[in-house]
Amino acid sequence: MTPYREVHQSRTHEPTPYEIKLARTLEEVFTHVGHELVDVIAGLNARQVAAPDGEPWTEQSFRDEMHRLGA
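Residues numbered from 1 in each chain as written. Predicted model: local features only at pLDDT ≥ 70, side-chain atom pairs only at ≥ 80, totals over all residues. Heavy atoms only, no water.

### Notes on the environment of Gly43
Next, step 1: Locating Gly43 in the fold gives a position in helix H3 (residues 37-46).
Next, step 2: Considered as a pair, Gly43 and Val33 are 10 residues apart in the sequence and their alpha carbons are 6.6 Å apart. (Helix = DSSP H or I, 4+ residues; strand = E, 2+ residues; numbered from the N terminus.)

See the structure below:
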């Protein structure tokens with residue numbers, strides 16, 4: 001049996017400022033806007049947190065970024 005791992009034990013690097021901002025904004029969106037993908041995209045864009053390419057989020061850019069981040 002493998003012991004339980006804390007998320008911080010398995011990450012490959014310290015979160016970047018971008019990753020911290022994205023995580024905090026996602027928590028706010030989940031709390032105040034909703035959990036549906038359309039709500040998340042709208043919440044990120046309303047808060048002017050740009051996608052990695054500097055453009056507004058789309059469903060595809062969000063999926064791609066979550067995949068890249070390992071979420």
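### Some details on the nonpolar core
Next, step 1: Membership of the largest hydrophobic core is limited to 11 residues, which are Leu22, Leu26, Val29, Val40, Ile41, Leu44, Val49, Ala51, Trp57, Phe62 and Met66.
Next, step 2: Of all the secondary structure elements, the ones that give two or more residues to this core are helix H2 (17-32), H3 and helix H4 (59-69).
Next, step 3: In this structure, Val29 is in contact with Gly34, Asp39, Val40, Gly43, Leu44 and Arg47, ignoring residues within four places of it in sequence. (Core = buried A, V, L, I, M, F, W, Y, C linked by side-chain atoms within 4.5 Å. Buried < 20%, exposed > 50% of the residue type's maximum accessible area, 1.4 Å probe, protein only. Contact = heavy atoms within 4.5 Å.)

### What about the pattern of salt bridges?
A pair can form between side chains of opposite charge whenever their charged atoms are brought close.
Next, step 1: In the structure shown here, the tally under the stated rule is 3 salt bridges.
Next, step 2: The partner of Glu65 in a salt bridge is Arg68, with the nearest N and O atoms 2.8 Å apart. Here Glu65 and its partner Arg68 are both found in helix H4, 3 residues apart, which amounts to about one turn of the helix. (Salt bridge = Lys/Arg side-chain N within 4 Å of Asp/Glu carboxyl O.)

### Considering the side chain of Glu19
Next, step 1: With respect to the helices and strands, Glu19 occurs in helix H2.
Next, step 2: One buried charge, Glu19, has no salt-bridge partner; the nearest side chain with opposite charge is Arg68, at 4.4 Å.
Next, step 3: Leaving out residues up to four positions away in the same chain, Glu19 has contacts with His13, Glu14, Arg68 and Leu69. (Lys, Arg positive; Asp, Glu negative; His and termini not counted.)

### Topic: the packing of aromatic side chains
Next, step 1: Summed over the entire model, instances satisfying the criterion amount to 1 aromatic pair.
Next, step 2: Measuring from ring centre to ring centre gives 5.8 Å for Trp57 and Phe62, while their planes differ by 70°; the resulting arrangement is edge-to-face.
Next, step 3: We classify Trp57 as buried; its relative accessible area is 3%.
Next, step 4: Under the relative-accessibility criterion, Phe62 is labelled buried at 9%. (Phe/Tyr/Trp six-rings, centres within 6.5 Å; stacked < 30°, edge-to-face > 60°.)

### Section: the packing of H2 against H3
Next, step 1: Here H2 crosses H3 at 120°, and the two axes come no closer than 9 Å. Here H2 is positioned oblique relative to H3, judged by the angle of their axes. Between H2 and H3 lies a crossing whose hand is right-handed. Along its contact with H2, which presents Leu22, Thr25, Leu26, Val29 and Phe30, the element H3 presents Asp39, Val40, Gly43 and Leu44.
Next, step 2: Here the residues of the contact of H2 with H3 sort into 6 nonpolar, 2 polar and 1 charged. (Axes fitted to C-alpha atoms, helices over the stretch in contact; angles between N-to-C directions. Parallel < 35°, antiparallel > 145°, perpendicular 65-115°, else oblique. Left-handed = near helix turned anticlockwise from the far one by under 90°. Nonpolar A, V, L, I, M, F, W, Y, C, P; charged D, E, K, R; others polar.)

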